[in-house]
Each structure stands twice: as structure tokens, then as C-alpha cells.
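# A look at the structure
Listed below are the residues making up each chain.
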Amino acid sequence: MYTFQDLVDITSKLRSEEGCPWDRAQTHESLKKHLEEETGEVLEAIDEKDMDHLCEELGDLLFQVMLHSQIAREEGGFSIEDVVNGICEKMVRRHPRIFGGEMAEIPLEGRELWEEIKRREKAKKALNKGKKP
């Protein structure tokens, strides 16, 4: 069975000089329509309650994430590791009752707590953008 690292390596190879001309030619912009199509196919599989089809389409959607991440890495931006790290940090931060953290004692539950944490994150991000180095 292939691993996540195999997927990283396959994506990198497809975008390399020895790889696939179509994959190498892609940009964030050119992939937008494919990302939209793959997302639609995931939704269709969910509506059809077809788990085999859902599994396949989630793989296609994941590959879109891989391509965007690989392109960003090549451009000196983020990597798939950054994407994974970022979503892990966010899920841990937004679930303080499960993983602990400074907001674990806020007297809100479920969606309300999630939204309050999200609101505070956005406010902090906006404040940080307003600061000059």
C-alpha cells in the first residue's frame, strides 16, 4: 500500500523535468476549474451514498491539494508539510476541550466555541497585519 510520502514523491516527480508535460504546465490559476470539478464530484458521490466513488473522488481532490502545494513549494512558498502542519495546529487550537489550551475554560460549547476561537484568530491576524516590522 502506498503512503502519504509516496504521494508527495509522485506529485514531485510528475512536476519534474522527467515528469508529465501536462502536470508541469499547471498553475494555481489553470487548476481552479479542476479543483471545482473534483469538489463537485465529491459532492455527487456523497449524494449518491456511493462510498467507493467517494473514496476515489476524495483521492482526486487530495491530488488537487498536492498539486497546489507542490506548485507553491516550487515558487518558494509553502509545502504540503506546511498545509498539514497548519490544519493540525488549527484543529488542536479550535478543540481546546479535547486537546487543552488557553481557551479550554471558555463557557461556550460546540459550534459557539469554534466560532469564538475563529473570531479571535481573525482579530489577532488582522492586528498582526496592521503592525509594521
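Starting afresh in each chain, residues are numbered from 1 along the sequence in its written order. Thresholds applied to this predicted model are a pLDDT of at least 70 for local features of residues and 80 or more for the giving and counting of side-chain atom pairs; totals over whole chains, interfaces and linings are not thresholded and use all residues. By convention in this description, side-chain values take in all heavy atoms of the structure and omit both hydrogens and water.

## Some points on the overall build of the chain
- We count a stretch as a helix when DSSP gives it H or I for four or more residues in a row; a strand needs E for two or more, and each element gets its number in order from the N terminus. Across its full length, the chain carries 7 helices and 0 strands.
- Each helix and strand of the chain, ordered N terminal to C terminal, gives the series α-α-α-α-α-α-α.
- Radius of gyration: C-alpha atoms only; globule rule: 2.2 Å multiplied by the number of residues to the exponent 0.38. For 133 residues, the compact-globule estimate of 2.2 N^0.38 gives 14 Å, and the chain exceeds it by more than 25% at 19 Å.
- Whether a residue is buried, partly exposed or exposed follows from its accessible area with a 1.4 Å probe, protein chains only, as a fraction of its type maximum: under 20%, in between, or over 50%, in that order. Burial analysis of the chain (133 residues in total) assigns 25% to the buried set.
- Only heavy atoms matter for contacts: two residues are in contact if any of them lie within 4.5 Å across the pair. Intrachain contacts of the chain at a sequence separation of at least 6 include 41% that bridge at least 24 residues.
- Just so you have it, the chain exposes about 9,800 Å², and 58% of that area is on carbon and sulfur atoms. Throughout, the Shrake-Rupley method with a 1.4 Å probe supplies accessible areas, and for residues the shown protein chains are the sole cover considered.

## Here we look at the packing of aromatic side chains
- To pair, rings of Phe, Tyr and Trp, with the six-membered ring standing in for Trp, must have centres within 6.5 Å; the planes then decide the type, stacked if under 30 degrees apart, edge-to-face if over 60, and tilted in the middle. Following the criterion strictly, the structure yields 0 aromatic pairs and no others.
- Counting as a charge over the ring demands two things of the Lys NZ or Arg CZ atom: a distance within 6 Å of the ring centre and an angle within 35 degrees of the ring normal. The cationic tip of R94 hangs over the ring face of W114; the distance from NZ or CZ to the ring centre is 4.9 Å.

## A short note on the pattern of salt bridges
- One side-chain nitrogen of Lys or Arg within 4 Å of one carboxyl oxygen of Asp or Glu is enough to make a salt bridge. Following the criterion strictly, the structure yields 7 salt bridges and no others.
- Of the charged contacts in the structure, one is a salt bridge between R111 and E115, with a shortest N-O distance of 2.8 Å. Here R111 and its partner E115 are both found in helix α7 (residues 110–130), 4 residues apart, which amounts to about one turn of the helix.
- Taken together, the shared-partner salt bridges in this structure form one network comprising R93, R94 and E121.

## Quick notes on a nonpolar patch on the surface
- Together, F4, L62, V65, F78, V83 and V84 make up an exposed nonpolar region whose accessible area comes to about 430 Å².
- Elements that contribute at least two residues to the nonpolar patch include exactly α4 (51–74) and α5 (80–93).
- Mapped onto the elements, F4 comes out in helix α1 (residues 4–15).
- For F4, a relative accessible area of 40% translates into the label partly exposed. Here a patch means residues that are over 30% exposed by relative accessible area and free of salt bridges, tied together within 9 Å if like-charged and within 5 Å if nonpolar (Val, Leu, Ile, Met, Phe, Trp, Tyr).

## Comments concerning the state of the cysteines
- Counting rule for disulfides: a pair of cysteine sulfur atoms within 2.5 Å. Inspection of every chain in the model, using the stated rule, returns 0 disulfides.
- With no disulfide of its own, C55 lies closest to C88 among cysteine sulfurs, the gap being 20 Å.

## Quick look at α1
- Multiplying 1.5 Å by the residue count of a helix minus one yields the expected span of that helix. The first and last C-alpha atoms of α1 sit 17 Å apart over 12 residues, in line with the 16 Å expected at 1.5 Å per residue.
- On its buried face, α1 sits against α2 (21–25), α4 and α5.
- N or O atoms closer than or at 3.5 Å make up a polar contact, with two conditions inside protein: a donor-capable atom paired with an acceptor-capable one, and, for residues adjacent in sequence, both atoms drawn from side chains. Two to three positions downstream of the cap, the backbone nitrogen of Q5 sits 3.3 Å from a side-chain oxygen, assigning the N-cap of α1 to T3.

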